[in-house]
Amino acid sequence: ESQASRFVQTDSIVEKPQPATPLIIVLVESFESWTITPETTPNLCKFIDETSSILYANLMHPQVRHGVSGDGQMIVNTGLLPITDGAACFRFPSNVYPALSHLYQNPGLIAASSLSFWNQKFMSKSYGIKQNYVVETIDDKITFEKYRSLKKEHDFLMVLTMGTHAPFDNSPEYTYPMVEGMPTKIYDYLNSVKYMDKQLTMLLEDIKNDPAIQSSTVVITADHSGLGLSLRTEFEEFDKERQLPFEEINGCIPFLVYSPLIKEKTIISDPICQMDIYPTLLHLLGCESYYWKGLGVDLMVHKSWKNRPIPLTEAQLLSDKIIRSNYFEGIKK
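Bear in mind the structure is a predicted one, so any value in this text is a computation, not a measurement.

### Some remarks on the pattern of salt bridges
Working step 1: Applying the stated rule across the entire model yields 14 salt bridges.
Working step 2: Among the salt bridges present, the one from Glu 50 reaches Lys 208, with a minimum N-O distance of 3.3 Å. With Glu 50 in helix α1 (residues 42-50) and Lys 208 in helix α6 (residues 184-209), this residue pair connects regions lying 158 residues apart in the sequence.
Working step 3: A relative accessible area of 41% places Lys 208 in the partly exposed class.
Working step 4: When the shortest N-O distance is used, the salt bridge between Asp 270 and Lys 303 registers 2.9 Å. In this pair, Asp 270 is assigned in the loop between β8 (266-268) and β9 (272-273) and Lys 303 in the loop between α9 (277-284) and α10 (312-324), connecting sequence segments 33 residues apart.

Structural data, given as structure tokens:
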């Protein structure tokens, strides 16, 4: 645990930093970055092509474990990694956790279907989220409509989608073109991603047209990957055989950040890690003085991922010790 002090500011006199912008985080269920093509995600592709104030990476390795979506939310919001066995959201829901959401005055969360998934009700409390909203459906259209109705009420808003959840048969319409011989589950997955992209335009249009959202930092990423290795391998062979437009079917997730504070478009094509999201956002928000720095690297620093201060395996073990010992209870509340 002494290693953790390298990433912690323990001076209790230091005041909590004030974020430079509001923050919106969209965690898209099971969203793999190879699906981002003009055919499958035309709106997102157009946004990436035409928008200058963004950071975009398509080779982010998910680091979730047994807690899956709960782990994904924890990694993004706290910069911690999952415990080695079990799920932190069930085993340690009452811990003191540092979190991006703690930096804001009025953080809110939108969850599809239920707060019982991954013990969300109790984890929201630990993350200091003051208001949970439940959309009584997994339809992404309703989820993003809920975002639009709440976007001016919260300075921090996390949106958890569910429409692309396995078995990928939840989209109310089918618009992805079927290719003869394509595995049915892959077709359903691509169709659900395409439907999600259509609904995501509510947010993408706001970035272009709504001054309040234009002045916010907006994150679009995934909680985790969506397909098993065997299905990805099967489809990669089909993809190459039919010369489909997909790049390597590798299970990586996308990481896209829009911010008015990003002065030059930054595209990262190297492999990076999910734990890098948290320190990158601390940087963009001007909150580097926050007492917990995270275990990843700041992606706004050129090639920072080539020289990590702590190896990935050590980061996993250190985070496990931090969570099990409720380390932050003795640091700061």
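Still to come is the rest of the account.
### Focus on the side chain of Gln 274
Working step 1: Structurally, Gln 274 can be placed in the loop between β9 and α9.
Working step 2: Engagement of the side chain of Gln 274 in a polar contact is seen with the backbone nitrogen of Gln 63, the distance being 2.8 Å.
Working step 3: A polar contact is formed between the side chain of Gln 274 and the backbone oxygen of Asp 223, at a distance of 3.1 Å.
Working step 4: With residues up to four places along the chain from it excluded, the contact list for Gln 274 reads Met 60, His 61, Pro 62, Gln 63, Val 64, Gly 72, Ile 75, Ala 222, Asp 223 and Ile 253.

### With respect to α9
Think of an α-helix as turning once every 3.6 residues; residues three or four places apart then point the same way.
Working step 1: The buried count for α9 comes to 7 of 8 residues, which makes it a mostly enclosed element.
Working step 2: All of the buried residues along α9 are Ile 277, Tyr 278, Pro 279, Thr 280, Leu 281, Leu 282 and Leu 284.
Working step 3: Taken together, the buried residues of α9 touch β1 (23-28), β2 (54-61), α2 (69-78), β6 (217-222), β7 (253-258) and β9.
Working step 4: Backbone geometry just downstream of α9 places Gly 286 in the positive-phi region, at approximately 70 degrees.

### A look at the packing of aromatic side chains
Working step 1: In the structure shown here, the tally under the stated rule is 15 aromatic pairs.
Working step 2: Seen from their ring centres, Trp 34 and Tyr 189 are 6.2 Å apart, and the 50 degrees between their planes marks the pair as tilted. Placement of the pair is Trp 34 in the loop between β1 and α1 and Tyr 189 in helix α6, with a sequence separation of 155 residues.
Working step 3: What makes Trp 34 buried here is its relative accessible area of 4%.
Working step 4: Between Trp 292 and Phe 328, the ring centres sit 5.1 Å apart and the planes meet at 70 degrees, which makes this aromatic pair edge-to-face. Here Phe 328 lies in the segment after α10 and Trp 292 lies in the loop between α9 and α10, a separation of 36 residues in the sequence.
Working step 5: Note on Trp 292: relative accessible area 0%, which makes it buried.

Parameters at a glance
- Every residue gets a number counted from 1 within its own chain, in the order that chain's sequence is written.
- Where totals are concerned, whole chains, interfaces and linings use all residues; where local detail is concerned, this predicted model gives features only for residues with pLDDT of at least 70, and gives and counts side-chain atom pairs only at 80 or more.
- Neither water nor hydrogens contribute to the side-chain values; these are computed over all heavy atoms in the structure.
- Each salt bridge in this description consists of a side-chain nitrogen of Lys or Arg and a carboxyl oxygen of Asp or Glu lying within 4 Å of one another.
- Secondary structure elements follow DSSP: runs of H or I no shorter than four residues count as helices, runs of E no shorter than two count as strands, and numbering proceeds from the N terminus.
- We call a residue buried when its accessible area falls under 20% of the maximum for its residue type, exposed when it is over 50%, and partly exposed in between, using a 1.4 Å probe and counting protein chains only.
- Counting of polar contacts relies on pairs of N or O atoms within 3.5 Å, with two restrictions inside protein: one atom must be capable of donating a hydrogen and the other of accepting it, and residues adjacent in sequence are counted only when both atoms are side-chain atoms.
- When checking whether two residues touch, look at their non-hydrogen atoms; a contact exists if any pair is within 4.5 Å.
- Note on aromatic pairs: the rings of Phe, Tyr and Trp (six-membered ring only in Trp) are paired at centre separations within 6.5 Å, and the planes decide the class, stacked below 30 degrees, edge-to-face beyond 60, tilted for the rest.

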